[in-house]
Amino acid sequence: MAIKIARCNKDFKHVRSLFFEMRRNSYSITTETWTIMIMLYDRTSLTEMAMNCFKEMKVDGYSPSRSTYKYLIIAFCGRKGMQVDDAIKIYDEIISSGHVPDKCWIEWPQNN
């Protein structure tokens with residue numbers, strides 16, 4: 001809950017600190033928590049760190065949610081120097097994992 005509050009206040013430094021403290025103390029981390037971290041890295045233009053977070057999430061045994069994939073795609077496509085190849089790989093993973101992109105994903109590039 002503290003991470004959600006810090007994120008809403010755009011206190012990214014605190015979000016990151018709380019996340020690492022949770023991991024250090026072996027507190028329960030959910031897929032939603034990982035997704036928040038991916039969003040954080042996207043919003044601070046740290047796309048590579050968002051991808052590393054995604055990989056670490058999977059190594060730790062968490063299954064990405066539809067939202068996790070969505071924010072990772074946004075991270076790859078929403079900034080200068082788009083990483084189209086990485087976005088395509090993630091999109092393929094989305095499809096093979098059984099998640100179906102919704103209308104928002106299809107319209108997103110046209111709205112930016």
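Residues numbered from 1 in each chain as written. Predicted model: local features only at pLDDT ≥ 70, side-chain atom pairs only at ≥ 80, totals over all residues. Heavy atoms only, no water.

A.B. asks: Mind showing me how you'd approach the overall build of the protein here?
C.D. replies: Of the regular secondary structure elements, the protein holds seven helices and zero strands. Buried positions account for 32% of the 112 residues belonging to the protein. Taking all contacts inside the protein whose residues are at least 6 apart in sequence as the whole, residues at least 24 apart take part in 52%. Total accessible area on the protein is roughly 7100 Å²; 53% of this is exposed by carbon and sulfur atoms. (Helix = DSSP H or I, 4+ residues; strand = E, 2+ residues; numbered from the N terminus. Buried < 20%, exposed > 50% of the residue type's maximum accessible area, 1.4 Å probe, protein only. Contact = heavy atoms within 4.5 Å. Areas by Shrake-Rupley, 256 points an atom, 1.4 Å probe, with all protein chains shown as cover.)

A.B. asks: So what exactly am I meant to see when it comes to the side chain of Thr-68 here?
C.D. replies: Mapping Thr-68 onto the fold places it in helix H5 (residues 66-77). Overall, Thr-68 belongs to the buried group, its relative accessible area being 0%. Leave out the neighbours within four places in its chain, and Thr-68 touches Thr-31, Thr-35, Ile-38, Phe-54 and Met-57.

A.B. asks: Would you take a moment to explain unusual backbone geometry for this structure?
C.D. replies: Most peptide bonds take the trans configuration, and most residues that are not glycine carry a negative phi. Although it is not a glycine, Ser-26 adopts a positive phi angle of roughly 60°. Here Ser-26 lies in the loop between helix H2 (12-24) and helix H3 (31-43).

A.B. asks: Explanation requested: the confidence of the model for the protein in the structure shown.
C.D. replies: Caution applies to low-pLDDT regions: their predicted coordinates should not be interpreted in detail. For the protein, mean pLDDT is 79; residues scoring 70 or higher make up 87% of the total. Mean pLDDT across the secondary structure elements of the protein bottoms out at helix H7 (residues 103-111), with 53, and peaks at helix H4 (residues 47-59), with 88. (pLDDT = per-residue confidence, 0-100.)

A.B. asks: Which parts of the structure should I look at to understand the environment of Arg-7?
C.D. replies: Tracing the sequence through the fold places Arg-7 in helix H1 (residues 2-8). A relative accessible area of 26% places Arg-7 in the partly exposed class. Residues Arg-7 and Met-39, 32 residues apart in the sequence, show an inter-C-alpha distance of 9.4 Å.

A.B. asks: What's the story with the packing of H5 against helix H6 (residues 84-96) in this structure? I'm lost.
C.D. replies: If you want to describe how two helices pack, look at the angle between their axes and the distance between the axes. One can describe the packing of H5 onto H6 by two numbers: an axis separation of 9 Å at closest approach and a directional angle of 165°. The pairing of H5 with H6 is recorded here as roughly antiparallel in orientation. The two elements H5 and H6 cross, and the hand of that crossing is left-handed. Residue-level inspection shows Tyr-69, Leu-72, Ile-73, Phe-76 and Cys-77 of H5 in contact with H6, the latter providing Asp-86, Ala-87, Ile-90, Tyr-91, Glu-93 and Ile-94. Grouping the constituent residues of the contact of H5 with H6 by class yields nine nonpolar, no polar and two charged. (Axes fitted to C-alpha atoms, helices over the stretch in contact; angles between N-to-C directions. Parallel < 35°, antiparallel > 145°, perpendicular 65-115°, else oblique. Left-handed = near helix turned anticlockwise from the far one by under 90°. Nonpolar A, V, L, I, M, F, W, Y, C, P; charged D, E, K, R; others polar.)

A.B. asks: In this structure, what is going on with the nonpolar core? I would like to understand it.
C.D. replies: A general tendency of soluble globular proteins is for nonpolar side chains to be buried together. In terms of nonpolar packing, the biggest core is built from 24 residues, with Val-15, Met-37, Phe-54, Leu-72 and Ile-90 touching the most fellow members. Taken together, the elements giving at least two residues each to this core come down to H1, H2, H3, H4, H5 and H6. Among the elements that take part in this core, H3 stands out by supplying six residues, more than any other. (Core = buried A, V, L, I, M, F, W, Y, C linked by side-chain atoms within 4.5 Å.)

A.B. asks: I tried to follow the pattern of salt bridges on my own but got confused; where do I start?
C.D. replies: Two side chains with opposite charge may pair up if their charged atoms get near one another. According to the stated counting rule, one finds four salt bridges in the structure shown. For Arg-24, the salt bridge identified is with Glu-21, shortest N-O distance 2.8 Å. A residue pair is termed a helical-turn pair when its members lie 3 or 4 positions apart in one helix, as Arg-24 and Glu-21 do in helix H2 at three residues. Arg-24 sits in the exposed class, given a relative accessible area of 57%. Lys-58 serves as the salt-bridge partner of Glu-93, at 2.7 Å between the closest nitrogen and oxygen. Here Glu-93 is found in helix H6, whereas its partner Lys-58 is found in helix H4, with 35 residues between them in sequence. Classification of Lys-58 as partly exposed rests on a relative accessible area of 34%. Connected via shared salt-bridge partners are Arg-23, Glu-56 and Asp-60. (Salt bridge = Lys/Arg side-chain N within 4 Å of Asp/Glu carboxyl O.)

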